[in-house]
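# Reading the structure
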Amino acid sequence: MIPDTTYLNISQLVSPGGTGASRGSAMRDLDIIADAAIAVDSGRIIWVGPERDLPFKGFHEVDCDGSAVIPALIDPHTHAAWGGDRYDDFEARVAGVSYETILARGGGIRRTIAMTTATPAEDLYRLTRNRVERLQLGGAATVEVKSGYGFTREGELASLEAIARVAAESAARVVATLLIHVPPVVAGERADYLDMVCRELIPEVTERGLATAVDVFIEREAFTVAEAERIFAAARGHGLAVKAHVDQFAAIGGVALAIEHQALSVDHLEASGPGEIAALAASDTVATILPGVSLHLGLPAAPGRALIDAGAIVALGTDCNPGSSPLYSPQLALALAVRLNGLTLAEALTAATANAAAALGRFDIGRLAAGMHADMIVLDGPDWREIVDTLGGNVPGSLYIAGEEVW
């Protein structure tokens with residue numbers, strides 16, 4: 001195979017080691033090649049190694065100017081498709097009102113549902129597109145976007161249609177997830193709502209190819225374990241993967257249910273205890289931590305250190321949303337995971353790349369190795385640790401997706 005482009009003069013080529021997801025102490029194993037080069041053909045890497053060993057000469061060359069190169073970041077958890085804002089909620093929380101209380105008063109998620117429902121389709125597309133672009137500036141080549149603020153069948157389909165349009169037009173790899181977020185306010189309407197989700201919404205989403213997975217918010221203020229089990233069964237019966245929001249405020253059994261249904265990931269985990277940690281360590285379900293939530297809501301940080309020490313697969317996302325994590329920078333999430341969740345620099349990089357890919361069921365991104373998509377960041381400096389050390393701002397350097405420079 002002959003490359004169409006070679007990338008030369010790389011001070012450090014840094015990538016998670018191994019293949020697939022990395023668990024436990026293996027998350028610290030990085031392949032670091034000094035004075036490296038990369039050869040790419042048709043958007044995929046065909047060779048990496050020391051530049052002195054590069055077997056290809058004379059092809060189109062990109063001079064990386066002595067900079068470090070890492071895999072592009074992957075954001076496996078965002079809610080980027082929403083309308084309106086939650087500034088009133090923010091002011092209330094600053095005044096001491098709890099997130100759960102705001103939710104019970106009709107604020108929080110339900111406020112965003114109302115404002116998203118009132119947002120014209122063209123505006124929802126534009127807002128979603130702009131947020132994905134901001135996440136790219138934070139280093140993401142792949143962004144998962146959930147629905148969940150549509151609530152009704154029509155509203156959820158409208159959100160997924162906006163996400164699909166962004167996916168078709170964006171340079172980023174956009175992955176759509178159907179999120180079943182909150183039940184009806186009136187308890188007597190829950191059964192009918194679940195019927196609609198399982199018998200109408202999930203089949204239509206599957207038929208139209210609007211999502212690859214179904215996520216369920218399992219929490220005291222959201223869906224019970226029994227309700228989530230029914231939704232998972234419907235999703236898996238239609239060939240969709242499953243994921244779950246679990247243990248954000250209370251551990252009510254969501255982790256065990258998700259593992260039983262071979263969920264790609266369970267996300268949040270701020271309230272997870274020893275039992276949940278041990279269960280995740282014994283499973284292939286990815287534990288996705290979201291440090292932006294801890295920063296913004298003042299919640300205890302998810303036990304990232306304990307999960308890794310136990311042998312779990314840990315990933316990292318922004319949870320970009322208007323209420324609990326208005327975080328648009330995967331790079332800042334990377335930096336916060338070290339400060340708040342106790343990850344080492346190497347573990348954080350693995351969590352934001354190879355393991356974030358696993359949380360989306362993808363194993364062709366997240367590493368710089370032969371056969372992988374050429375999604376990478378060429379940093380401005382020679383040491384890869386700059387991206388973890390820096391707090392805030394856009395990622396310095398250049399982002400490449402499938403070998404093409406995006407910025």
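It should be noted that the structure appears before, not after, this text.
Scope of this entry: the structure provided in the associated data block. Everything quoted here is computed from the prediction, not taken from an experiment. (Residues numbered from 1 in each chain as written. Predicted model: local features only at pLDDT ≥ 70, side-chain atom pairs only at ≥ 80, totals over all residues. Heavy atoms only, no water.)

## Description of the overall build of the protein
Counting its secondary structure elements, the protein contains 15 helices and 15 strands. When its C-alpha atoms are laid out on the principal axes, the protein stretches across 70 × 45 × 45 Å. Looking at the protein residue by residue over its 407 residues, the buried ones come to 59%. At a minimum sequence separation of 6, the contacts of the protein that also span at least 24 residues come to 73%. In the structure as shown, the protein presents an accessible area of about 14800 Å², 52% of it carried by carbon and sulfur atoms. A distance of 3 Å separates the average location of the 30 positive side-chain charges in the protein from that of its 52 negative side-chain charges. (Helix = DSSP H or I, 4+ residues; strand = E, 2+ residues; numbered from the N terminus. Buried < 20%, exposed > 50% of the residue type's maximum accessible area, 1.4 Å probe, protein only. Contact = heavy atoms within 4.5 Å. Areas by Shrake-Rupley, 256 points an atom, 1.4 Å probe, with all protein chains shown as cover. Lys, Arg positive; Asp, Glu negative; His and termini not counted. Charge placed at Lys NZ, Arg CZ, Asp CG, Glu CD.)

## Points about the pattern of salt bridges
Across all of its chains, the model carries 22 salt bridges by this definition. Here Lys146 makes a salt bridge to Glu144, at a shortest N to O gap of 2.7 Å. Glu144 shares its class with Lys146; the two are buried. A salt bridge links Arg385 to Asp383, with the shortest nitrogen-to-oxygen separation between them at 2.6 Å. Linked by salt bridges that have partners in common, Arg153, Glu154, Glu161, Glu204 and Arg208 make up one network. (Salt bridge = Lys/Arg side-chain N within 4 Å of Asp/Glu carboxyl O.)

## Structural notes on helix α7 (residues 225-237)
Here α7 spans 18 Å end to end across 13 residues, near enough to the 18 Å set by a 1.5 Å rise per residue. Buried residues along α7 sit against β7 (173-180), α6 (190-208), β8 (213-217), β9 (241-246) and α8 (254-260). (Expected span 1.5 Å × (residues − 1).)

## A closer look at the pairing of strand β6 (residues 140-146)
For β6, the buried fraction is high: 7 of the 7 residues fall into the buried class. Judged from the 3 bridges that link them, strand β5 (residues 73-75) and β6 form a sheet pairing that is parallel. Its bridge partner being in β6, Leu73 is matched across the sheet by Ala140. In this sheet, β7 lies alongside β6 in parallel orientation, the contact comprising 5 bridges. When the bridges of β7 are listed, Val143 appears paired with Val174. (Pairing = 2+ DSSP bridges.)

## Here we look at helix α5 (residues 153-169)
Taking 1.5 Å of rise per residue, the 17 residues of α5 would be expected to cover 24 Å, and the 25 Å separating its terminal C-alpha atoms lies within 8% of that figure. Elements in contact with the buried residues of α5: α3 (108-117), α4 (121-137), β6, β7 and α6.

## Some points on unusual backbone geometry
The phi dihedral of Asp65 falls on the positive side, at around 60°, and the residue is not glycine. By secondary structure assignment, the location of Asp65 is in strand β4 (residues 60-71). Non-glycine residue His268 carries a positive phi angle of around 105°. If you trace the backbone, His268 turns up in strand β10 (residues 265-268). Accessibility expressed as a relative area gives 2% for His268, which makes it buried.

## What about the sheet that holds strand β14 (residues 398-401)?
Sheet strands line up and pair through hydrogen bonds in the backbone, either parallel or antiparallel. With respect to topology, 7 strands assemble into an open sheet ordered β3-β2-β1-β4-β13-β14-β15, the strand pairing being mixed. Because the sheet does not close on itself, it has two edges, and the strands there are β3 (44-50) and β15 (404-405). Both strand β13 (residues 376-378) and β14 contribute to a ladder of 3 bridges, which runs antiparallel. Among the inter-strand pairings, Val378 is bridged to a residue of β14, identified as Ser398.

## Thoughts on the side chain of Asp319
Tracing the backbone through its elements, the reader meets Asp319 in the loop between β12 (314-316) and α12 (330-341). Although Asp319 lies buried, it forms no salt bridge, and the closest oppositely charged side chain, Lys146, sits 7.3 Å away as judged by the N-O distance. At a separation of 3.1 Å, a polar atom in the side chain of Asp319 contacts the side chain of His79. Filtering out sequence-adjacent residues up to four positions away, Asp319 remains in contact with His77, Thr78, His79, His268, Leu290, Val293, Ser324 and Ser325. (Polar contact = N/O pair within 3.5 Å; in protein donor to acceptor, adjacent residues only side chain to side chain.)

## Considering the packing of aromatic side chains
In the structure shown here, the tally under the stated rule is 2 aromatic pairs. For the pair Tyr7 and Tyr400, a centre-to-centre distance of 5.5 Å together with 80° between the ring planes defines the contact as edge-to-face. With a gap of 393 residues between them, Tyr7 in strand β1 (residues 5-16) and Tyr400 in strand β14 connect regions that are remote in the sequence. Residue Tyr7 shares its accessibility class with Tyr400, and that shared class is buried. Where Phe151 meets Tyr193, the ring centres are 4.6 Å apart and the plane angle is 15°; that geometry is what we call stacked. With a gap of 42 residues between them, Phe151 in the loop between β6 and α5 and Tyr193 in helix α6 connect regions that are remote in the sequence. Stacked on the ring of Tyr328, the Lys or Arg Arg134 has its end atom at 3.6 Å from the ring centre. (Phe/Tyr/Trp six-rings, centres within 6.5 Å; stacked < 30°, edge-to-face > 60°. Lys NZ or Arg CZ within 6 Å of the ring centre and 35° of its normal.)

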